[in-house]
Structure formats: structure tokens, C-alpha cells
Amino acid sequence: FAHLRSHHIPTVSHYHTFTMASNTRLGKRKSSEEEETSPSKKANTETAKDESAEEKTEVKFEGVNMNINFAIVKEEEVMSFKELKDQPVATLQGIGPKLSGELAKLNIKTIQQMADYKFYHLAKCIKTLAETEEAGKRAEDAKLNLENGLIKEFEPYPLKDLLEQPIHALQGLSEAADKTFSNLGVKNIEGFADFKYFRWAEAIVTAAKWEE
């Protein structure tokens with residue numbers, strides 16, 4: 001019995017002291033973790049990441065020398081192709097309020113809408129294929145036609161002759177469209193196919209697909 005009495009048995013007060021000490025150490029560790037993930041520290045980390053990303057972007061394009069300054073207004077020369085395609089048509093150099101108003105009559109308000117205009121693509125198609133046409137040599141059983149793209153009156157025309165026809169020869173455009181295009185400086189299908197603003201818009205949208 002004397003031997004058993006000599007062992008020290010922890011009392012409640014000892015256990016309480018141990019628990020408090022453990023909690024204190026845990027509290028310090030938690031406080032340290034909270035400090036590491038505090039809003040201010042997170043904000044500093046995010047800021048550092050943003051600055052790092054900006055630096056990478058700046059460095060990334062330092063060696064690129066291309067520009068399209070003759071096609072867009074001065075204020076937008078820093079924009080990417082992806083940004084430019086969503087800009088209003090007045091971003092293209094030479095299109096002021098008057099031309100913007102005429103294009104709006106055709107429901108064209110942005111560079112993307114101009115690039116996607118189906119009648120421009122039809123006019124360009126006619127112009128491109130006309131270069132391959134051999135006069136008077138259509139095969140007797142040939143099936144190629146543009147009946148869904150031309151009004152009835154112009155369906156029999158050779159491609160080369162179509163180039164000289166008014167805009168309303170394209171199915172879906174009225175004679176009123178002739179006046180609108182005339183105000184834009186476009187007199188016939190060939191002029192429409194070559195219209196620089198539509199070509200610029202198309203090129204910008206195409207370039208955006210290849211831009212990083």
C-alpha cells in the first residue's frame with residue numbers, strides 16, 4: 001500500500017490546468033492561421049497576382065509590331081481584335097454619324113454585325129466566282145444556280161453580268177436598300193463586294209478567332 005500511495009494521481013485541478021494550456025496553444029495556432037488568411041492579406045495576394053498577370057501581358061506582346069491604324073479611330077488603336085469586333089461601326093476610320101445612321105437602317109450597328117451581314121457575303125461570293133466564269137460556256141446539264149439568293153428577274157444572269165446589277169437584285173433587299181447603299185457610296189453588287197468597311201470588319205472578326 002505504501003508503494004501505491006507514492007504514485008502521483010492527477011487531480012481535477014491538474015487536468016483543468018492542462019486543458020487550459022492546450023487550449024491556449026491551439027488558440028495561438030488558430031490566431032496565426034487567421035492572420036495568414038485575413039482579408040487584407042488575401043487582398044494583397046490578389047493584387048500581387050493581378051500585377052503579375054499585367055506584367056506577363058505587357059511582356060508577352062512587347063515583340064509584336066502589327067497595327068491596323070488606318071482602319072480604326074485613334075482612340076481604339078490599343079484594342080485587341082476580340083475587343084474591336086464588339087465596338088460600334090463608327091470605330092472604323094471614315095464612318096461618321098451619317099454613315100452610321102445609314103448602316104443602322106440595315107440593322108448593322110457593330111463591327112461583328114457588319115462582318116456577318118449575309119448580303120455582303122453573297123455579293124462577295126458572286127464577285128469571286130465571276131472571276132472563274134467562262135462566257136457562254138455553261139454545260140447543257142449544269143445544275144449550279146443562285147435562285148435562293150437572287151430575285152426572279154436576275155436568276156438567268158451570268159455571274160459577270162450580275163456584278164453590274166443594283167443591290168436589290170439580291171433576294172431579301174428592297175429597292176429602298178438601293179438608296180441606302182447609294183448613300184454609303186455603293187452602286188451595284190460589285191461595289192458592295194469591294195466595300196472596304198465590310199472587308200475591314202470581316203478581317204477584324206476573322207483575326208479575333210486567331211488572337212490569344
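Reading the values: the criteria
Residues numbered from 1 in each chain as written. Predicted model: local features only at pLDDT ≥ 70, side-chain atom pairs only at ≥ 80, totals over all residues. Heavy atoms only, no water. Helix = DSSP H or I, 4+ residues; strand = E, 2+ residues; numbered from the N terminus. Buried < 20%, exposed > 50% of the residue type's maximum accessible area, 1.4 Å probe, protein only. Contact = heavy atoms within 4.5 Å. Arc of directions from axis to C-beta. Core = buried A, V, L, I, M, F, W, Y, C linked by side-chain atoms within 4.5 Å. Phe/Tyr/Trp six-rings, centres within 6.5 Å; stacked < 30°, edge-to-face > 60°. Salt bridge = Lys/Arg side-chain N within 4 Å of Asp/Glu carboxyl O.

Asker: Which parts of the structure should I look at to understand the side chain of Thr-180?
Answerer: Here Thr-180 is to be found in helix H9 (residues 175-184). Classification of Thr-180 as buried rests on a relative accessible area of 10%. When near neighbours in sequence (up to four residues on either side) are disregarded, Thr-180 contacts Glu-102, Lys-105 and Leu-106.

Asker: What's the story with H9 in this structure? I'm lost.
Answerer: For an α-helix, the turn length of 3.6 residues means that residues three or four places apart are oriented alike. Among the residues of H9, Ala-177, Asp-178, Thr-180, Phe-181 and Leu-184 are the ones counted as buried. In an axial view of H9, the angular spread of the buried residues amounts to 165 degrees, which keeps them on one side of the axis. Exposed residues on H9 whose side chains face more than 90 degrees from its buried face are Glu-175, Ala-176 and Lys-179. Summarising the contacts, the buried residues of H9 are in contact with helix H5 (97-104) and helix H10 (189-193). Looking one or two residues past H9, Gly-185 carries a phi angle of roughly 95 degrees, positive in sign.

Asker: I'm lost on H5 in this one. Help?
Answerer: Taken residue by residue, H5 has Leu-99, Ser-100, Glu-102 and Leu-103 as its buried positions. Down the axis of H5, the sector holding all buried residues measures 160 degrees, keeping them to one side. In H5, the exposed residues that point more than 90 degrees away from the buried face are Pro-97 and Lys-98. Among the structural elements, helix H6 (111-116), H9 and helix H11 (196-209) are those in contact with the buried residues of H5.

Asker: Could you clarify how one ought to interpret the nonpolar core in this entry?
Answerer: Side chains of nonpolar character tend, in soluble globular proteins, to be buried together. Counting residues in each nonpolar core, the largest one holds 43 residues, and the members touching the most others are Met-114, Tyr-117, Ile-126, Leu-170, Phe-181, Phe-192 and Phe-198. Within the residue set of this core, elements represented by two or more residues are helix H4 (81-84), H5, H6, helix H7 (118-130), helix H8 (159-162), H9, H10 and H11. When sequence neighbours within four positions are dropped, the list of residues in contact with Tyr-117 reads Leu-106, Ile-108, Leu-173, Phe-181, Phe-192 and Phe-198.

Asker: Would you mind showing me how to read the packing of aromatic side chains here?
Answerer: Centre-to-centre distance and the angle between the planes together describe a pair of aromatic rings. A complete count under the given rule lists 11 aromatic pairs for this structure. Plain terms: the ring middles of Tyr-117 and Phe-198 are 5.9 Å apart, the flat faces sit at 40 degrees to each other, and that makes the pair tilted. Of this pair, Tyr-117 sits in the loop between H6 and H7 while Phe-198 sits in helix H11, placing them 81 residues apart in sequence. Exposure remark for Phe-198: the relative accessible area of 0% places this residue in the buried category. Here the aromatic cluster, defined as three or more aromatic residues joined through ring pairs, consists of Tyr-117, Phe-119, Tyr-120, Phe-181, Phe-192, Phe-195, Tyr-197, Phe-198 and Trp-200.

Asker: Teacher, can you tell me more about the pattern of salt bridges here?
Answerer: It is possible for side chains of opposite charge to pair when their charged atoms get near one another. Throughout the structure, instances matching the rule amount to seven salt bridges. Between Lys-127 and Asp-194 there is a salt bridge, with its nearest N and O atoms 3.0 Å apart. Of this pair, Lys-127 sits in helix H7 while Asp-194 sits in the loop between H10 and H11, and the two are 67 residues apart along the sequence. Taking the relative accessible area as the measure of exposure, Lys-127 reaches 18% and is therefore buried. By relative accessible area, Asp-194 is classed as partly exposed at 36%. Taking the shortest distance from any N to any O, the salt bridge between Glu-155 and Lys-152 comes out at 3.7 Å. By relative accessible area, Glu-155 is classed as partly exposed at 22%. Classification of Lys-152 by relative accessible area gives exposed; the value is 65%.

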